[in-house]
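Take a look at the letters that make up each chain.
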Amino acid sequence: MLNRQGRQTDTGEAAAAAPGTFTGNRALRIEEALIFEIGRPEVTGVDLEEGDGVVPRLGGLERAARIGLPGLSEPETLRHYVRLSRMNYGIDTGVFPLGSCTMKHNPRLNEKMARLPGFGDVHPLQPASTVPGALELMAELGRWLCVLTGMPAVALSPKAGAHGELCGMMAIKAALAARGEKRSLVLVPESAHGTNPATAALLGYRVETVPARSDGTVDPAEVEKHLSPDVAAVMLTNPNTCGLFERDVVAIADAVHRAGAYFYADGANFNAIVGKALPGELGVDAMHINLHKTFSTPHGGGGPGAGPVTLSAALAPFAPVPYVTLEGGTPRLVEHAGEGEAGRAPFGRLSAFHGQMGMFVRAMSYMLAHGSDGMRQASEDAVLAANYLRAGLKDLMSLPFGDRPCMHEVLFDDHWLDGTGLTTLDFAKAMIDEGYHPMTVYFPLVVHGAMLIEPTESESKASLDLFVAALRDLAMAAHRGDKARFTGAPHYAPRRRLDETRAARTPVLRWTPPQPQAAE
Ligand SMILES: *Cc1c(COP(=O)(O)O)cnc(C)c1O
């Protein structure tokens, strides 16, 4: 079979005719065993002398037997992990179309800045007087976040989006307590990210689900129906997880406020509206921003996250310690509740330290490199790229909410696969053979067989065109009834189709050495 470039690929007869190999490797595709299988206990990569005359001070609790760590020399260790890493797929190897996750290109400049010794080497326990530059950066980042959201205050300590939700909802709980109220209900639209109801439940709230209308957005009249003096907050994502802008957000905010409740906005999709809309003007009381989704930084099983929460004037006093204030232009770290500005009533301490310094530096570097016009353009380009994919695929794949513009991600359902005998999962697995990481599948749950694609602003038109062409070729194969291409996929990955449910439900987390064969 000839590929696009007219080169021979190893499918079909060519593959069948290809000889096997002694090692099981296929050139650069190396069969890598588990580290326990290649390790030998007697081998070590370091040269430590057996200490003699050491008297253990563990009171008889010291280990008596080997713990069974795999032993490898340094080059063996290095090769093992480098080989594993080459089986991986990342934003640096190809288009990463996961929706609801915003795998952005992370400009290397940000990494360089985060590694400056003055930032990279600070220790969270060193005296605040020795790190005025780091505190100033935090104050400046906070200022940018307030300007970009149109909100007066920010808490920088949350270490992820979900942690930010917890922080914002704890501020809401504290504000209600300060009013002498104890409300017990939180409203969450059905398309919400799972972390929203989980956060509310963790704080002891009951969660009531608000259904969406047929166009995929939340109807203020429906919210109104659920509102009562027992509702503490509504948690709404905008743009929502279907990639649609909640155009009635102001009416929803007004209704929520009339009922004496607070409006928590899940800001994980902020990258679609930076510089275009101010959440503060939309009536938001608290919103977390996933710095790792909106302002670059590697994430997703890789780097750390950061989920600062911006707060309205009503919630600002309840932001947790520690926080940074500017006193006559000089930043000061307030560590304890009573030490800060008058009128502050922190709900407590959310985490031991003040957030993720490396993330703050990367985000600040991203903001300064882009400027306000650049950030607005990044949002516009992210939305443009998603709509480009929508336009390129909509004749072959089905859109659940009709043919209207989306925001930063485009959502397809699986109606277009009706009658093919194929599922969303089959389609996703076939994408792996084409050299792509699959899109987000089966989320959001409100859409049957969901396929959620987010290209982000950083993909070139050429890479979007190739991605569309590859998906069109697959979709046409599905329509044609070329089932073999799908049901066995992935054909070319180091491992074939896995039983993912079983892997999640009954994971084998422990390697046990093979028993020696008994002599016959
Ligand atoms: C990613 C995401 C979250 C959670 O953020 P984490 O940083 O992964 O904890 C919450 N809501 C939405 C809509 C998200 O996309």
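To be clear, the structure that these remarks concern was listed above.
What comes next concerns the included structure.

About the cut-offs
Residues numbered from 1 in each chain as written. Predicted model: local features only at pLDDT ≥ 70, side-chain atom pairs only at ≥ 80, totals over all residues. Heavy atoms only, no water. Patch = residues over 30% accessible without salt bridge, like charges linked within 9 Å, V, L, I, M, F, W, Y side chains within 5 Å. Areas by Shrake-Rupley, 256 points an atom, 1.4 Å probe, with all protein chains shown as cover. Salt bridge = Lys/Arg side-chain N within 4 Å of Asp/Glu carboxyl O. Lys, Arg positive; Asp, Glu negative; His and termini not counted. Charge placed at Lys NZ, Arg CZ, Asp CG, Glu CD. Helix = DSSP H or I, 4+ residues; strand = E, 2+ residues; numbered from the N terminus. Buried < 20%, exposed > 50% of the residue type's maximum accessible area, 1.4 Å probe, protein only. Pairing = 2+ DSSP bridges. Polar contact = N/O pair within 3.5 Å; in protein donor to acceptor, adjacent residues only side chain to side chain. Axes fitted to C-alpha atoms, helices over the stretch in contact; angles between N-to-C directions. Parallel < 35°, antiparallel > 145°, perpendicular 65-115°, else oblique. Left-handed = near helix turned anticlockwise from the far one by under 90°. Contact = heavy atoms within 4.5 Å. Nonpolar A, V, L, I, M, F, W, Y, C, P; charged D, E, K, R; others polar.

### Considerations on a negative patch on the surface
Part 1 of the argument: Among the surface-exposed residues, Asp47, Glu49, Glu50 and Asp52 lie close enough to one another that they form a single negatively charged patch.
Part 2 of the argument: Topologically, glutamate 49 is positioned in the loop between helix H2 (35-38) and helix H3 (74-86).
Part 3 of the argument: Exposure remark for glutamate 49: the relative accessible area of 77% places this residue in the exposed category.

### A short note on the sheet that holds strand E12 (residues 451-453)
Part 1 of the argument: Taken together, three strands build an open sheet; the order of strands is E10-E12-E11 and the sheet is antiparallel. Both outer strands of the open sheet, strand E10 (410-412) and strand E11 (440-441), are each paired with one neighbouring strand and no more.
Part 2 of the argument: Two strands pair when backbone bridges link them, and E10 and E12 are joined in this way by three bridges, in the antiparallel orientation. Its bridge partner lying in E12, valine 410 is registered against isoleucine 453.

### A closer look at the side chain of aspartate 266
Part 1 of the argument: Looking at where aspartate 266 falls in the secondary structure, it is placed in strand E5 (residues 262-266).
Part 2 of the argument: For the buried residue aspartate 266, which engages in no salt bridge, the nearest side chain bearing the opposite charge is lysine 293, 6.6 Å off.
Part 3 of the argument: Here asparagine 196 takes part through its side chain, which lies 3.0 Å from a polar atom of the side chain of aspartate 266.

### Describing the packing of helix H12 (residues 357-393) against helix H14 (residues 461-480)
Part 1 of the argument: Contact pair H12 / H14: the axes reach a minimum separation of 10 Å and the direction vectors enclose 30°. Between H12 and H14, the crossing angle belongs to the class labelled roughly parallel. Here the hand of the crossing between H12 and H14 comes out right-handed. Touching Ala385, Tyr388, Leu389, Gly392 and Leu393 of H12 are Lys461, Leu464, Asp465, Phe467, Val468, Leu471 and Arg472, all from H14.
Part 2 of the argument: Split into classes, the residues belonging to the contact of H12 with H14 amount to eight nonpolar, one polar and three charged.

### Remarks on unusual backbone geometry
Part 1 of the argument: Across the junction of asparagine 238 and proline 239, the peptide omega takes the value -5°, indicating a cis bond.
Part 2 of the argument: With respect to the element layout, proline 239 can be found in the loop between strand E4 (231-237) and helix H10 (249-258).
Part 3 of the argument: Along the chain, alanine 489 connects to proline 490 via a cis peptide bond; the corresponding omega equals 0°.
Part 4 of the argument: Considering the arrangement of structural elements, one finds proline 490 in the loop between helix H15 (484-487) and helix H16 (500-505).
Part 5 of the argument: Although it is not a glycine, alanine 27 adopts a positive phi angle of roughly 55°.
Part 6 of the argument: In this fold, alanine 27 is placed in the loop between helix H1 (12-17) and H2.
Part 7 of the argument: Located in the positive-phi region is tyrosine 442, a residue other than glycine, with phi close to 60°.
Part 8 of the argument: Looking at the secondary structure, you find tyrosine 442 in the loop between E11 and E12.
Part 9 of the argument: On the basis of relative accessible area, tyrosine 442 is assigned to the partly exposed category, the value being 37%.

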